[in-house]
Amino acid sequence: MEYQMAQATSFSQNFTPVGEHGSNVSERCIEQQKNTGKQRLPITPKLGERETIMSYVSILALENGAPSSLELCNDFRLHWKGICGGKDADLANISALSGVPIALLRHASPVLTETRQFLIANQLISFKSLNKLVTRVCPRCLIEDGESGHPIGRVEWLASSFRSCPKHKAPIVALPDAVRPRCDFDFQFRLQDHWSEIEKNAQSQVTTGASNDFEAYIQDRLSGQLGRRWIDQIELGVVIDVAQKLGIVLVYGQTARHDGLSVEELSNAAEAGFNVLSRGRKALQSALLQIRQKSTCLKPGFYTDFGHFARWITRVDYQHDRYASVVGEITDFAFNTYPYGKGEILLARVCPRRKIHSLASAAHMHGLKLTRANRLARVVVAPHAKPNAQVTFETDRYDPIFEEFAQCVSGRALAKALGIGTSVIFRLTNAKLIQPRSKFDTMAPVYHPNDIAEFLGKFRQHARPRPTIPPGFCTLNVASNRAKVNFEGVLELAISGKIRSLTHSEKHPKLWDFFADYEEILDLLEGEPIAGFTSTQVQRFLRINSSTMSVLLREGTLSSDRVKHHRTRKTMSLLQTHDVVDFLERFATLGMMANQVGTQAIHVIRKLEMDSNPLRKPVRQPNPSWTNQTPMEN
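Residues numbered from 1 in each chain as written. Predicted model: local features only at pLDDT ≥ 70, side-chain atom pairs only at ≥ 80, totals over all residues. Heavy atoms only, no water.

With respect to the overall build of the protein
Note the threshold: A helix here means a DSSP run of H or I that spans at least four residues, while a strand means a run of E at least two residues long, and both kinds are numbered starting from the N terminus. Relative accessibility under 20% of the residue-type maximum defines a buried residue, over 50% an exposed one, and the middle range a partly exposed one, all with a 1.4 Å probe and only protein chains included. Residues are treated as being in contact if the distance between any of their heavy atoms lies within 4.5 Å.
Counting secondary structure elements, the protein contains 30 helices and 18 strands. When each of the 634 residues of the protein is scored for burial, the buried share is 44%. In the protein, once contacts between residues fewer than 6 apart in sequence are set aside, the share between residues at least 24 apart is 61%.

Here it is in structure tokens:
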């Protein structure tokens, strides 16, 4: 449809200002003065819902034949900028001319406060978030308004973050800049200048792909609708700014900037930020954590991870009460996520206690060298972290580990405390007599002093101190060497209390300062005797000398096994009983024969030489090895 605009005529043809303004006044205006006592315009339409003061004044000018809003103000000696700025004196004059209560006019006016914010429709909006110099409209809303009367400008269109119409899902369009004599605030006459473009945009099928929940919320707040959610307790200007800035980092990362994004990208970011705020505090904490986890910084921190959002929040008046709720959530997250120490300040909030450690803070707190703390953290906290990546961790979870690690000593210190060599530690740990508190593939094992004291205490509780060590006593390691056993076994006997003679003479004895009776240890280690005969026993029984015994063993006539003595564990040769019996069934030695008849072996040899079947004697060869001839034949 064609928007019919009233023709502009001079106010001097219709009205005559009263009093000091002089000149002719229309009969209608004079009649109104007589009846009401107020100077009121002939035509005074109602103020529309959420209509701006600029739109309403321009409708007054249009309906009453003024060529522009500025001309209307000039004819009545009104301050046009004061009206647009919501000055009370100027609004009172407009109220007198239109009959609209000043409270409603003030509700429709963007009033600049002392804190550099605009108060409009009882909502505070930041200076940068409200733009009065650009005329922004929804073409489809204007066409619908024109069908029933004058199209009106709405207060939500002033908000720069209001980018689409919730009703028509259509983008908000900015009219071209005003050209003199037109004024940027002359709403109705600006529509007249660009009505054909507005109709063209309204007829297009362009819609926004994103949700319009954010714009709908702004519209509801400016309409006076206020809920009970957490977001509803925050000023609208803070909601708009936080939703926009937070959404940029949430959707496009910490390196994104407001100036580098398109209108559509900004709309998507604002919608994402609003969805977080509308779901409350927990959703905000989750979103902040999501931004932290998506950060690509090798050295994470609040300012590096949150980029544009962090820089913005530090420039606003974050100490003001209107930011208190949002800033409180942000600082709580930062103190719970980043290595802030007790007493450190972020956004005027003091950290109550440290909850996250950096490597430097952990090393300082637990008295560790930074290199040791770094190695431990990369094993325990972040085993898969990149070599140059910063490592942070929770104090409540990892402080006990770092504290215990700081108290532990190295293997060399353990050896010194026990009075042993470092090579013995490996045998002690394999025998599980003492175990390291921390043992990792990339780090040397460490031992806790309490474990060392407990290990030595197991010996002291069974040992009786003496001023001097009795004869026949030896240290546990010497006893194990003499008894041909591993010292681990002797230590286990001492720990179990089986060694009754265990003693020491030192005030603070170390491991090898404990003594015991060697014979008692042999008794404890003594095993079951092995069945068989020693070579000495067989030699005496057969009445032969050691050389003949060696010949029998070497030629295989008798066989022996190398075994350990059941008491001394010394290696010896043992002949099995059945082998000796078999030998006696086949052979008889000259010594046995001589002993049986009570004579010497030489006489037996002579007697046998006179026999028809003399016994052949083994022949000693020059070579020390013996021939395969059997020395005796049955």
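Alright, that's what it looks like, and here's the rest.
Here's the deal with the sheet that holds strand 1 (residues 111-112)
Applicable threshold: Whether two strands pair comes down to DSSP finding at least two bridges between them.
Across the sheet, three strands lie side by side as 1-2-3; this open sheet has antiparallel pairing. Each edge of the open sheet carries a strand with a single partner, namely strand 1 and strand 3 (123-126). Sheet analysis places strand 1 next to strand 2 (residues 117-120), joined by two bridges and oriented antiparallel. Pairing of V111 across the sheet is with L119, part of strand 2.

With respect to the environment of E215
Locating E215 in the fold gives a position in helix 11 (residues 213-222). According to the relative accessible area criterion, E215 is buried, its value standing at 1%. Sequence separation between E215 and K167 is 48 residues, and the spatial gap between their C-alpha atoms is 9.8 Å. What E215 contacts, discounting residues up to four positions off in sequence, is S161, F162, R163, S164, P166, S267 and E271.

Overview of the packing of aromatic side chains
Selection rule: When two rings of Phe, Tyr or Trp (its six-membered ring) have centres within 6.5 Å they constitute a pair, described as stacked for plane angles under 30 degrees, edge-to-face for angles over 60, and tilted for the intermediate range. As a reminder, the over-ring test applies to NZ of lysine and CZ of arginine, requiring each to be within 6 Å of the ring centre and within 35 degrees of the ring normal.
The final tally for this structure, using the stated rule, is 18 aromatic pairs. An aromatic cluster of at least three residues, connected via ring pairs, comprises F302, Y303, F306, F309, W312, Y323, F333 and Y338. The ring of F127 carries the charged tip of R116 above its face, separated from the ring centre by 4.4 Å. Lying across the ring of Y518, R482 places its NZ or CZ 3.9 Å from the centre.

A word on the packing of helix 14 (residues 281-294) against helix 16 (residues 324-337)
Going by this rule: All axes here are fitted lines through C-alpha atoms, helices being fitted over the stretch that makes contact, and every angle between N-to-C directions spans 0 to 180 degrees. Roughly parallel covers angles under 35 degrees, roughly antiparallel covers those over 145, roughly perpendicular covers 65 to 115, and oblique covers all other angles. Crossing handedness: left-handed means the near helix sits turned counterclockwise from the far one by under a right angle, and right-handed means the same turn made clockwise. For this scheme, ten residues count as nonpolar: Ala, Val, Leu, Ile, Met, Phe, Trp, Tyr, Cys and Pro. Four count as charged, namely Asp, Glu, Lys and Arg, and the remainder, Gly too, count as polar.
Two numbers describe how helix 14 lies on helix 16: the axes approach to 10 Å, and their chain directions differ by 45°. Taken together, the axes of helix 14 and helix 16 are oblique relative to one another. In the packing of helix 14 onto helix 16, the handedness of the crossing is right-handed. Taking contact as the criterion, the partners of R281, L284, Q285, L288, L289 and R292 in helix 14 are, on helix 16, S325, E329, I330, F333 and T337. Looking at the contact of helix 14 with helix 16 residue by residue, the classes come out as five nonpolar, three polar and three charged.

Brief notes about the sheet that holds strand 18 (residues 571-575)
Sheet architecture is open: three strands sit in the order 16-18-17, paired in antiparallel fashion. Sheet topology places strand 16 (533-534) and strand 17 (561-564) at the edges, where each strand pairs with a single neighbour. One ladder, built from two bridges, connects strand 16 with strand 18; its direction is antiparallel. Within strand 18, the residue paired with F533 across the bridge is L575.

Quick notes on empty space enclosed by the protein
This is how it is decided: Definitions used for this entry: grid spacing 1 Å over protein atoms alone; cavity, a set of points where a 1.4 Å probe fits but cannot get out; pocket, an open set with protein on both sides within 12 Å along at least 5 of 7 lines; lining residue, one with an atom within 4 Å of a point. Grid points are joined across faces, edges and corners, and a volume is the space filled by probe spheres set on the points.
Overall, the coordinates contain one cavity of 30 Å³ or more when judged by the stated rule. Of the volumes computed, that of the largest cavity is approximately 140 Å³. Lining the largest cavity are 14 residues; nearest its centre among them are M54, V134, T135, L158 and F187. When its residues are assigned to classes, the lining of the largest cavity shows six nonpolar, four polar and four charged.

Focus on the pattern of salt bridges
We apply this condition: A side-chain nitrogen of Lys or Arg and a carboxyl oxygen of Asp or Glu constitute a salt bridge if their distance falls within 4 Å.
The final tally for this structure, using the stated rule, is 17 salt bridges. For R50, the salt bridge goes to E49, with nearest N and O atoms at 3.8 Å. Three or more residues joined by partner-sharing salt bridges are found here, namely E519, D523, E526 and R567.

Some words on the nonpolar core
This is how the line gets drawn: For this analysis, a nonpolar core means a set of buried residues of the types Ala, Val, Leu, Ile, Met, Phe, Trp, Tyr and Cys, connected via side-chain atoms within 4.5 Å.
Counting 91 residues, the largest nonpolar core has W157, F302 and F306 as the members making the most contacts within it. The element best represented in this core is helix 12 (residues 236-252), accounting for nine residues. Counting residues in each nonpolar core, the second largest holds 34 residues, with L414, L433, I452 and L511 among its members.

A short note on the packing of helix 18 (residues 370-380) against helix 19 (residues 395-407)
Contact geometry of helix 18 with helix 19 gives a least axis separation of 11 Å together with a crossing angle of 135°. The angle between helix 18 and helix 19 places the two elements in the oblique class. Helix 18 and helix 19 meet at a crossing whose hand is right-handed. Seen from helix 18, the contacting residues are R372, A373, L376, A377 and V380; seen from helix 19, they are Y398, I401, F402 and F405. Partitioned by chemical class, the residues of the contact of helix 18 with helix 19 number eight nonpolar, no polar and one charged.

A few points about the pairing of strand 3
Here four bridges tie strand 2 to strand 3, and the two strands are oriented antiparallel to one another. Across the sheet, the residue bridging to F118 is I125, located in strand 3. Taking the residues that link successive antiparallel strands as the turn, the strand 2-strand 3 hairpin has two residues, and the phi of A121 there is positive, at about 55°.

Re the layout of surface pockets
If you add up the space inside the largest pocket, you get close to 890 Å³. In this structure, the largest pocket is lined by 31 residues; those nearest its centre are S126, K128, S129, D241 and K245. Among the elements of the structure, helix 12, helix 13 (263-278) and helix 15 (302-315) are those that each provide at least two residues to the lining of the largest pocket. A class-by-class count of the residues in the lining of the largest pocket yields nine nonpolar, 10 polar and 12 charged.

Some points on unusual backbone geometry
Here the phi dihedral of R50 falls at roughly 60°; this positive angle occurs in a residue that is not glycine. Here the phi dihedral of L347 falls at roughly 55°; this positive angle occurs in a residue that is not glycine. For L347, a relative accessible area of 6% translates into the label buried.

Side note on the state of the cysteines
Definition in use: Our working definition of a disulfide is a cysteine sulfur pair at a distance within 2.5 Å.
The final tally for this structure, using the stated rule, is zero disulfides. With no disulfide of its own, C183 lies closest to C84 among cysteine sulfurs, the gap being 6.4 Å.

Considerations on helix 16
For clarity, the threshold we go by: In this analysis, the expected span of each helix is defined as 1.5 Å times one less than the number of residues it contains.
Along its 14 residues, helix 16 runs 20 Å from first to last C-alpha, staying within 8% of the 20 Å computed at 1.5 Å per residue. Of all 14 residues in helix 16, 10 are buried, a share of seventy percent or more. Every buried residue of helix 16 is accounted for by V326, V327, G328, E329, I330, T331, F333, A334, F335 and T337. Structurally, helix 16 contributes buried residues whose contacts are with helix 12, helix 14, helix 15, strand 6 (345-346), strand 7 (349-350) and strand 8 (356-358).

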